Protein chains: 2
Amino acid sequence: MIKKFALIVAGGSGTRMNTSVPKQFIELDGLPVLMHTINRFHAFDPSMEIVLVLPSLQFSVWNELCQKHHFTTVHRLIAGGEVRFDSVKNGLSSIDSEGIVAIHDGVRPLVGHSTIGRCIATTLEKGNAIPVMPVVESLRKVGIDESTAVDRSQFVTIQTPQVFFVPEIKKAYELGYDPRYTDDAMVLERLGKRINLVEGNRENIKITHRTDLVIASALLKNII
Amino acid sequence: MIKKFALIVAGGSGTRMNTSVPKQFIELDGLPVLMHTINRFHAFDPSMEIVLVLPSLQFSVWNELCQKHHFTTVHRLIAGGEVRFDSVKNGLSSIDSEGIVAIHDGVRPLVGHSTIGRCIATTLEKGNAIPVMPVVESLRKVGIDESTAVDRSQFVTIQTPQVFFVPEIKKAYELGYDPRYTDDAMVLERLGKRINLVEGNRENIKITHRTDLVIASALLKNII
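The sections below set out a description of the structure shown in this document. Just so we're clear, the structure is a prediction, and the values are computed from it rather than from any experiment.

### So, the packing of aromatic side chains
Residue and element names in this part refer to chain A.
Here's step 1: Counted by the stated rule, this structure contains eleven aromatic pairs over all chains.
Here's step 2: Taking 6.0 Å as the distance between ring centres and 70° as the angle between the ring planes, the aromatic pair formed by Trp62 and Phe71 counts as edge-to-face.
Here's step 3: Relative accessible area serves as the criterion here: at 10%, Phe71 is assigned to the buried category.
Here's step 4: Just above the ring of Phe5 sits the side chain of Lys3; from NZ or CZ to the centre is 5.4 Å.

### Some details on helix α1 (residues 33-44) of chain B
Here's step 1: In this model, α1(B) (twelve residues) spans 17 Å end to end at C-alpha, consistent with the 16 Å of a helix rising 1.5 Å per residue.
Here's step 2: Looking only at α1(B), the buried set comprises B:Val33, B:Leu34, B:Met35, B:His36, B:Thr37, B:Ile38, B:Arg40 and B:Phe41.

### Observations concerning the relation of the copies chain B and chain A
Here two copies of a chain appear, and what relates them is a rotation about an axis with a shift along it.
Here's step 1: The two copies are related by a screw motion: chain B maps onto chain A through a turn of 180° and a shift of 0.0 Å along the axis, at an RMSD of 0.0 Å. Taken together, the rotation and translation relating the two chain copies correspond to the operation of a two-fold axis. For chain B, the minimum C-alpha distance to the rotation axis belongs to B:Ile215 and amounts to 2.7 Å.
Here's step 2: Both copies share a contact surface, since 100% of the interface residues of chain B are interface residues in chain A too.

### Considerations on unusual backbone geometry
Here's step 1: A:Pro161 follows A:Thr160 through a cis peptide bond whose omega is 15°.
Here's step 2: Topologically, A:Pro161 is positioned in the loop between β10 (155-158) and β11 (162-165).

### Some remarks on the interface of chain B and chain A
Here's step 1: Contacts between the two partners involve 39 residues from chain B and, on the opposite side, 39 residues from chain A.
Here's step 2: Counting the surface lost from both chain B and chain A, the interface buries some 3600 Å², and carbon and sulfur atoms represent 56% of this.
Here's step 3: When the buried area of chain B at its contact with chain A is split by residue, B:Glu137, B:Arg140 and B:Arg202 rank highest and sum to 19% of it.
Here's step 4: When the shortest N-O distance is used, the salt bridge between B:Asp212 and A:Arg202 registers 2.7 Å.

### Observations concerning the pairing of strand β6 (residues 100-105) of chain A
All names here are of chain A.
Here's step 1: In terms of burial, β6 is a largely internal element, six of the six residues being buried.
Here's step 2: With burial as the criterion, each face of β6 is covered, one bearing Ile100, Ala102 and His104 and the other bearing Val101, Ile103 and Asp105.
Here's step 3: Of the pairings in the sheet, the one linking strand β1 (residues 4-9) to β6 comprises six bridges and is parallel in character. Within β6, the residue paired with Ile8 across the bridge is His104.
Here's step 4: When β6 meets β11, the two strands line up antiparallel, connected through four bridges. When the sheet's bridge partners are listed, Ile100 is paired in β11 with Phe165.

### A word on the pairing of strand β1 (residues 4-9) of chain B
Here's step 1: Counting buried positions along β1(B) yields six of six residues, so the element is predominantly enclosed.
Here's step 2: Both faces of β1(B) are covered, namely the face carrying B:Lys4, B:Ala6 and B:Ile8 and the face carrying B:Phe5, B:Leu7 and B:Val9.

### Here's the deal with the environment of A:Phe164
Residue and element names in this part refer to chain A.
Here's step 1: On the secondary structure map, Phe164 appears in strand β11.
Here's step 2: Spatially, the C-alpha atoms of Phe164 and Cys119 are 9.0 Å apart, while their sequence positions differ by 45 residues.
Here's step 3: Setting aside anything within four residues of it in sequence, one finds Phe164 in contact with Gly99, Ile100, Val101, Ile103, Thr123, Gly127, Asn128, Ile169, Asp184, Ala185 and Leu188.

### Considering the environment of B:Gly106
Residue and element names in this part refer to chain B.
Here's step 1: With respect to the helices and strands, the residue Gly106 is situated in the loop between β6 (100-105) and α4 (113-126).
Here's step 2: According to the relative accessible area criterion, Gly106 is buried, its value standing at 0%.
Here's step 3: Along the chain, Gly106 and Phe25 lie 81 residues apart, while their C-alpha atoms are 9.7 Å from each other.
Here's step 4: Ignoring any residue separated from it by four or fewer positions in sequence, one finds Gly106 in contact with Ile8, Val9, Ala10, Val33, Leu34 and Thr37.

### Comments concerning the packing of α1(B) against helix α2 (residues 59-68) of chain B
Residues and elements named next belong to chain B.
Here's step 1: α2 packs onto α1 with a crossing angle of 70° between their chain directions and a minimal axis gap of 11 Å. The pairing of α1 with α2 is recorded here as roughly perpendicular in orientation. Residues Leu34, Met35 and Ile38 of α1 lie in contact with α2, whose contacting residues are Trp62, Leu65 and Cys66.
Here's step 2: Partitioned by chemical class, the residues of the contact of α1 with α2 number six nonpolar, no polar and no charged.

Criteria and thresholds
- Residues numbered from 1 in each chain as written.
- Chains lettered and ligands numbered in written order.
- Predicted model: local features only at pLDDT ≥ 70, side-chain atom pairs only at ≥ 80, totals over all residues.
- Heavy atoms only, no water.
- Phe/Tyr/Trp six-rings, centres within 6.5 Å; stacked < 30°, edge-to-face > 60°.
- Buried < 20%, exposed > 50% of the residue type's maximum accessible area, 1.4 Å probe, protein only.
- Lys NZ or Arg CZ within 6 Å of the ring centre and 35° of its normal.
- Helix = DSSP H or I, 4+ residues; strand = E, 2+ residues; numbered from the N terminus.
- Expected span 1.5 Å × (residues − 1).
- Least-squares fit on C-alpha atoms with pLDDT ≥ 70 in both.
- Contact = heavy atoms within 4.5 Å.
- Buried area = accessible area lost by both parts, 1.4 Å probe.
- Salt bridge = Lys/Arg side-chain N within 4 Å of Asp/Glu carboxyl O.
- Pairing = 2+ DSSP bridges.
- Axes fitted to C-alpha atoms, helices over the stretch in contact; angles between N-to-C directions.
- Parallel < 35°, antiparallel > 145°, perpendicular 65-115°, else oblique.
- Nonpolar A, V, L, I, M, F, W, Y, C, P; charged D, E, K, R; others polar.

Take a look at the structure:
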C-alpha cells in the first residue's frame, strides 16, 4: 500500500477578512475552519498522514484551539515560510518517505471525498492530478485601457488538493521560487511535466472573504 | 429625469437543475427566484419600469405563481425567443421610449443595490456599464491535449445588470445574432463601443445548479 500524505497549508493573517483572527482559525459552525479541513482528509482515509504548515507565530494559538475544541486528529505541525512556496517547501522537507502527497489549502474545508479520491486515483495512474471546475460566468480579459470578451469554455478554475508523487514534487520545489507561481502544479511544470485535470466539487471554495464564510456555513450541511 | 427600464430575462427550462420546474420559478425562502430578482430592482427604484421576458409557454405558470404569492410588483410580460439574444431583442422592441435599460438575468436574485447604482451612474456618465468581479481562483487555459496556467489578475468575471442607453443597444441588436455572444456587452461592441467595467457584488451569483440555491438562500439574509 502506497503511503499517502495530506500537506495542509494555512498562512493567512486575516487582513482580507478585516478581522484580527486569521481566516483559518475563524469558527465555522462552532469549529475553526482549519479543523474542518483536516477532518475532511482524516475522514476520507484515517491512514493518511497529516502535515500542517502554519506560521510559527500561530503555533501557540493553534495549540490552545486544539485543547479548547478537544481536537485529537493526529497531525504534524511545521513552521511556514515567508510566502506559500516556502511553506509548501518546508512541509515537503518534513516528509522523508516515498508515497504521494495531497497539497491542500487550509481554508478549503469543503473539499469532497470524491474530489480527493479522483485526484489520488489519477495520480496513481498518471503521475499527478489537480481538481478543476468549469468557469460558470462570462469572462473578459482586461488590458490597460480596454477589455475583451474571451471564450470561457477554454478556461477552468483551479482548486486543491493538488496531488503528486513525493520525490517528484520535492525535486520541482528544489528548483527555486518564481513570483508567478500561484499553485503547486505550476511548480511541477518546471520539470516539464504535463498536469492532469480532474473534476473538483463546486462546494470546494476557498474562504477569503466574509461572504465565503456565510456560503461555507450553508454548504457544510450539504457536503458529501 | 431620464426614464429607466429593467429588462429581466429568464429562459431556463430546468434541465441543469434536474428538476421539472424552471430554475427561475424555484422557491428561494418561500418565493420564486424570479420574484426576488424583480423586487431587487423595484426596491432600488420604484419608478423603474420592469419588462419581464419569459418563454410564452411559461406565461400561465407565471401568472398562477403571481396569484399564489400575491405578487403585485407591476411588470410587463414579453414572450422570449429561441435563444437569449432573441429574448433580449424582443424585450428591447417593447421599449419605445428613450432612456436607459438594465438588462439582467432573471436567475440573479442577489444583485446589490450598490451594483445597480454603480452601473446606472457610470452609464449616465460614460454611455454603458457592466458589473465585474476579480477572479479569485487560479485559472488555466485548456487546450486539446494540455493546459496552461494564465495570470488570473488579467481576467474578470461578468455579471449583470448590463446597462445601456436604449437607442444604442437596440441599434446593436439590429445587427443580428452571432453564436459567440454570451452577454449584451458583446452585442454592443459590434458598434465599436468600448465597454465600461464597474464593481459588481460577490453575492450576485447566477443560480444554475442546486448548490447555488443553498448558497443563495444563505446569502439572501446578508444582502444589502
